[in-house]
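# Structural features, examined
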Amino acid sequence: MDVHLNINLLYILLGLSAVAYLVIHKFSNSSGNTRLPPGSLGWPIVGETLEFQRLGQCGKSDEFPVQRMNKYNREIFKTHLFGEKTITLCGATGNKFLFTGEKTYVLTWWPNSLKKLFGDSFFTTPYEEAVRTVACDMFASMDDPNWQKMILDEFNILLKGVFQFPIYFPGTRHYKAVKAAAVIRRELMKLIQSRRGLMVDLDRRVERNLISHLMGTKNEDGELLSDKEIADNVILLMNAGHDTSSSTMMMLMKYLAESPDCYNRVLKEQREIASRKSPGELLNKDDISKMKYSWGVIQEVLRMSPPVQGTFRKAKVDFTYSGFSIPKGWAVWWTTSTTHKSEEYFPNAETFDPLRFARDNITPYSFVPFGGGPRMCPGREFAKVEILVFLHNLVNMFKWELVFPDDVISVDPMPTSSKGLPVYLYSHPYL
């Protein structure tokens, strides 16, 4: 229903915008005589967003940048996504330039369609404590399960509107996502104000959770966060941690089901670790450090099916890259697809090979499932531990087979199974 409605509205917009296009025929030459990168801005208004979404929905999201690299330029091309004129920098060199050029050439930035969902806030490495806190208890002060369910239901609606064309019309996924974000933000701001009053009443002696942590956090200008900034950061952290790990765990189960030899090596490694533990004894840091092959498997999953395919920056100033001009104010996009599936960086790139990370010299900035630079995902270490602990318990108790081996994995906006990836689960004795 949502998809059909979005598509019908897009066709209506295309017809209306064609007239505007004839009037504003300088659409593709809006930067004067500067030498823009080769590429296409696609249709008026919608650009190439429809093709981007189509390829993602049929499990071929990598083809969007790869086709344009092959057609236009291996290092850089222009496109038009989610209402924004966009430059894509490709390869490890492009990734390095963007990750190290923060605040000099580019700024971390959302397209306007995503700003309506997440606001303008961006967390950085000082927020690692916040990531650990959110994992423990995001809403420690809220004992109402109905409130928590309502927030999570609204958040699932929000997630379905990420990277949708920004048609703000009742019934579209974007419209529903914006409304859901407004509900979540309003409820969070009520919670924040309640926490502020509680901290005053109790002379600031309250249980620490994500909200109270952010209330004492300063932004990059050295100022305490406003209530709206706190709410935006909570929504952003929920987005960063809600489906990224679960998507990776899903794909981990898929690849291990398809690779029995890899499963057996993981099982052997995890059984050796389990055999040294007393009944009921929890894993510790030393145990995690011994999971070398298992971590190689997870890295290979992150290479082949990263939960986050890429993010946007915005050109802070006019600058030149690879002989082409990037105008100030244009969106700049990086994507894992230009390196993760490239034979230049990963020989036999379509083969699932967990040993490559221990065997090969991985080119810097070619393996970037967590991004890079000052905006590298602050939850990466927690994610590593979380997924390894999940894998340890899973393989020690179960083996599994895919119910639908040919299930299509779409990207919307993260890898998602069209049928939910059901499995036949077989238990075996835990040591």
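Residues numbered from 1 in each chain as written. Predicted model: local features only at pLDDT ≥ 70, side-chain atom pairs only at ≥ 80, totals over all residues. Heavy atoms only, no water.

## Brief notes about the pairing of strand β4 (residues 310–315)
Within a regular strand, side chains alternate between the sheet's two faces. The pairing of strand β3 (residues 106–108) with β4 spans 3 bridges and is classified as antiparallel. Within the sheet, the bridge partner assigned to V106 lies in β4 and is A315. By the bridge criterion, 5 bridges tie β4 to strand β7 (residues 331–335) in an arrangement that is antiparallel. The residue bridging K314 from the neighbouring strand is A331, located in β7. (Pairing = 2+ DSSP bridges. Helix = DSSP H or I, 4+ residues; strand = E, 2+ residues; numbered from the N terminus.)

## Things to note about the packing of helix α2 (residues 49–57) against helix α3 (residues 63–71)
Running from amino to carboxyl end, α2 crosses α3 at an angle of 125 degrees, the nearest separation of the two axes being 9 Å. Looking at the two axes, α2 sits oblique to α3. Across from E51, F52 and L55 in α2, the residues of α3 making contact are E63, F64, Q67 and R68. Tallied by class, the residues present in the contact of α2 with α3 amount to 3 nonpolar, 1 polar and 3 charged. (Axes fitted to C-alpha atoms, helices over the stretch in contact; angles between N-to-C directions. Parallel < 35°, antiparallel > 145°, perpendicular 65-115°, else oblique. Contact = heavy atoms within 4.5 Å. Nonpolar A, V, L, I, M, F, W, Y, C, P; charged D, E, K, R; others polar.)

## Notes on helix α17 (residues 380–397)
Its 18 residues place the ends of α17 26 Å apart at the C-alpha level, agreeing with the 26 Å of an ideal helix rising 1.5 Å per residue. Among the residues of α17, A383, I387, L388, L391, H392, L394, V395 and N396 are the ones counted as buried. Summarising the contacts, the buried residues of α17 are in contact with α11 (244–258), α12 (260–275), α13 (285–289), α14 (292–304) and β8 (398–402). (Expected span 1.5 Å × (residues − 1). Buried < 20%, exposed > 50% of the residue type's maximum accessible area, 1.4 Å probe, protein only.)

## As for the packing of α12 against α17
At a closest axis distance of 9 Å, the pairing of α12 and α17 adopts a crossing angle of 100 degrees. Between α12 and α17, the interaxial angle falls into the category roughly perpendicular. Packed against α12, whose contacting residues are Y263, V266, L267, Q270, R271, I273 and A274, the element α17 presents L391, H392, V395 and N396 at the interface. By residue class, the composition of the contact of α12 with α17 is 7 nonpolar, 3 polar and 1 charged.

## Some thoughts on the nonpolar core
Ranked by size, the top nonpolar core spans 31 residues in total, and within it L252, L256 and I298 carry the most contacts. Every residue in contact with I298, bar those within four places of it in the chain, is listed here: L252, I387, L388 and L391. If you look at the next biggest cluster of nonpolar residues, it comprises 30 residues, including L158, A177, L214 and L236. (Core = buried A, V, L, I, M, F, W, Y, C linked by side-chain atoms within 4.5 Å.)

## Some thoughts on the environment of R196
Within the fold, R196 resides in helix α8 (residues 173–201). Taking relative accessible area as the criterion, R196 reaches 30% and is therefore assigned partly exposed. The sequence separation of R196 and D227 amounts to 31 residues, and the corresponding C-alpha distance is 9.8 Å. Residues in contact with R196, not counting those within four places in the same chain, are M215, L225, D227 and I230.

## Some points on the environment of V106
Following the sequence through the fold, V106 ends up in strand β3. In this structure the C-alpha to C-alpha distance between V106 and V332, which are 226 residues apart in sequence, comes to 8.0 Å. When residues no more than four places from it in sequence are discounted, the contact partners of V106 are L98, G101, R313, K314, A315, K316, F319 and V332.

## A closer look at unusual backbone geometry
A cis amide bond, omega -10 degrees, links D412 with the succeeding residue P413. Its location among the elements puts P413 in the loop between β9 (409–411) and β10 (415–417). Of note, I45 is a non-glycine position whose phi angle comes to about 70 degrees, a positive value. Structurally, the position occupied by I45 is in the loop between α1 (2–23) and α2. According to the relative accessible area criterion, I45 is partly exposed, its value standing at 43%.

## Let's talk about the sheet that holds β7
Read across the sheet, 5 strands follow the order β1-β2-β7-β4-β3 without closing on themselves; strand pairing throughout is mixed. The sheet is open, and its two edges are formed by β1 (76–81) and β3, each paired on a single side. Strand after strand, the sheet turns through a mean of 35 degrees between neighbouring axes, direction not considered. The sheet contacts of helix α4 (residues 91–100) involve β2 (84–89), β3, β4 and β7, and relative to β7 the element is tilted by about 130 degrees.

## Observations concerning the packing of aromatic side chains
Across all of its chains, the model carries 18 aromatic pairs by this definition. On the numbers, 4.8 Å between centres and 45 degrees between planes, the contact of Y168 with Y175 is tilted. Residue Y168 is classed as partly exposed on the basis of its relative accessible area of 42%. Chaining the aromatic ring pairs together yields one cluster made of F52, F64, F82, W109, F312 and W333. Just above the ring of F64 sits the side chain of R68; from NZ or CZ to the centre is 3.8 Å. The ring of F346 is capped by R303, whose NZ or CZ atom sits 5.3 Å from the centre of that ring. (Phe/Tyr/Trp six-rings, centres within 6.5 Å; stacked < 30°, edge-to-face > 60°. Lys NZ or Arg CZ within 6 Å of the ring centre and 35° of its normal.)

## Let's talk about the pattern of salt bridges
One pass over the structure, following the stated rule, counts 17 salt bridges. The partner of K228 in a salt bridge is D232, and the shortest N-O contact between them spans 2.8 Å. Taken as a pair, K228 and D232 lie in helix α10 (residues 227–242) at a separation of 4 residues, close to a single helical turn. Note that E281 and K277 form a salt bridge whose closest N and O atoms lie 3.3 Å from each other. With a relative accessible area of 16%, K277 lands in the buried category. A single network of salt bridges, built from pairs that share partners, joins R185, K228 and D232. (Salt bridge = Lys/Arg side-chain N within 4 Å of Asp/Glu carboxyl O.)

## Let's talk about α12
The end-to-end C-alpha distance of α12, which contains 16 residues, comes to 22 Å, matching closely the 22 Å that a straight helix rising 1.5 Å per residue would cover. Within α12, the full set of buried residues consists of C262, Y263, V266, L267, E269, Q270, I273 and A274. Elements that come into contact with the buried residues of α12 comprise α11, α13, α14, α17 and β8.

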